[in-house]
Amino acid sequence: MSEAGDGPRPNTDGTAGPPTPTGPGGPTAAQRTGTVAARRRVLGLIGYAIVAALVFDVLIGAILGARPDVGSHLWPLWGGFALMGLAVALFAATLQRLRGPIGILAAVVITGLFGTAAIPPA
């Protein structure tokens, strides 16, 4: 006969081992953790887009001299650069989440083909 402390007992579903939590600490906690990680990732991408846009705006405008009037166009262009960078970053993150490493390759190809401006011949 088996005593109370002689090893794992079968659960209600017939498996041996500790019972599977189904309450507040169970599978819903894992789902919430995924949601928190996704929110943290999106916030990181937003921060990246803002900082990268400022760096590129200052680099292109002031250092390389691509824009002659840096003072009056810095803030509007910074916002535009940040929105474009965020859009591409979220697109790439979505494809990576859906397809893994192939999603990153697809994001590079799609943004490379469709994201370049068409320059009409002179």
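Caption draft 1: Layout of the overall build of the protein chain. Along its length, the protein chain carries three helices and zero strands. Long-range contacts, defined here as pairs at least 24 residues apart, represent 33% of the contacts in the protein chain between residues at least 6 apart.

Caption draft 2: Expanded view of the nonpolar core. Judged by nonpolar contacts, L45, A49, L86, A89 and A93 together constitute the single largest core of five residues. Of all the elements in the fold, those that place two or more residues in this core are helix 1 (27-63) and helix 2 (70-99). The dominant element in this core, judged by the number of residues it contributes, is helix 2, at three residues. The residues touching L45, leaving out its near neighbours within four places in the chain, are L86, A89, L90 and A93.

Caption draft 3: Spatial organisation of the environment of L77. Examined against the element boundaries, L77 turns out to sit in helix 2. With a relative accessible area of 29%, L77 lands in the partly exposed category. C-alpha separation for the pair L77 and L54, spaced 23 residues apart in sequence, amounts to 9.0 Å.

Caption draft 4: Broad picture of the layout of surface pockets. Empty space within the largest pocket amounts to approximately 260 Å³. Among the elements of the structure, helix 1 and helix 2 are those that each provide at least two residues to the lining of the largest pocket. When residues of the lining of the largest pocket are assigned to their parent elements, the largest contribution, six residues, is made by helix 1. In this model, the second largest pocket occupies a volume close to 210 Å³. Along the wall of the second largest pocket there are 10 residues; nearest its centre are A37, A38, R41, A93 and R97. Secondary structure elements with two or more residues in the lining of the second largest pocket: helix 1 and helix 2. It is helix 1 that contributes the most residues to the lining of the second largest pocket, six residues altogether. Tallied by class, the residues present in the lining of the second largest pocket amount to six nonpolar, two polar and two charged.

Caption draft 5: Highlighting the environment of H73. Within the secondary structure, H73 is located in helix 2. On the accessibility criterion, H73 (41% relative accessible area) is partly exposed. Each C-alpha atom of the pair H73 and D57 lies 9.5 Å from the other, and the pair is 16 residues apart in sequence.

Caption draft 6: Fine view of the confidence of the model for the protein chain. A residue-level look at the protein chain finds 61% of positions with pLDDT of 70 or above and a mean pLDDT of 75. Predicted confidence in the protein chain is weakest over helix 1, with a mean pLDDT of 79, and strongest over helix 3 (residues 101-114), with 90.

Thresholds, definitions, all that
Throughout, a residue's number is its position along its own chain's written sequence, starting from 1. Only residues with pLDDT of 70 or above have their local features reported here, since the model is predicted, and side-chain atom pairs are shown and tallied only from 80 upward, although totals for entire chains, interfaces and linings are computed over all residues. With hydrogens and water excluded, all non-hydrogen atoms of the structure serve as input to the side-chain values. Helical segments are the DSSP runs of H or I of at least four residues, strand segments are the runs of E of at least two, and each set is numbered from the N terminus. We call two residues in contact when some of their heavy atoms are within 4.5 Å. We define the nonpolar core as a collection of buried residues of types Ala, Val, Leu, Ile, Met, Phe, Trp, Tyr and Cys that are connected through side-chain atoms lying within 4.5 Å of one another. Exposure categories follow from relative accessible area, calculated using a 1.4 Å probe and restricted to protein chains: below 20% of the type maximum is buried, above 50% is exposed, and the middle band is partly exposed. Using only the protein atoms, space was sampled on a 1 Å grid; points where a 1.4 Å probe fits but cannot get out form cavities, open sets with protein on both sides within 12 Å along at least five of seven lines form pockets, and lining residues are those with an atom within 4 Å of a point. Grid points are joined across faces, edges and corners, and a volume is the space filled by probe spheres set on the points. Here the nonpolar group is Ala, Val, Leu, Ile, Met, Phe, Trp, Tyr, Cys and Pro; Asp, Glu, Lys and Arg are the charged ones; every other residue, Gly included, is treated as polar. Each residue carries a pLDDT score, the predictor's confidence in it, ranging from 0 to 100.

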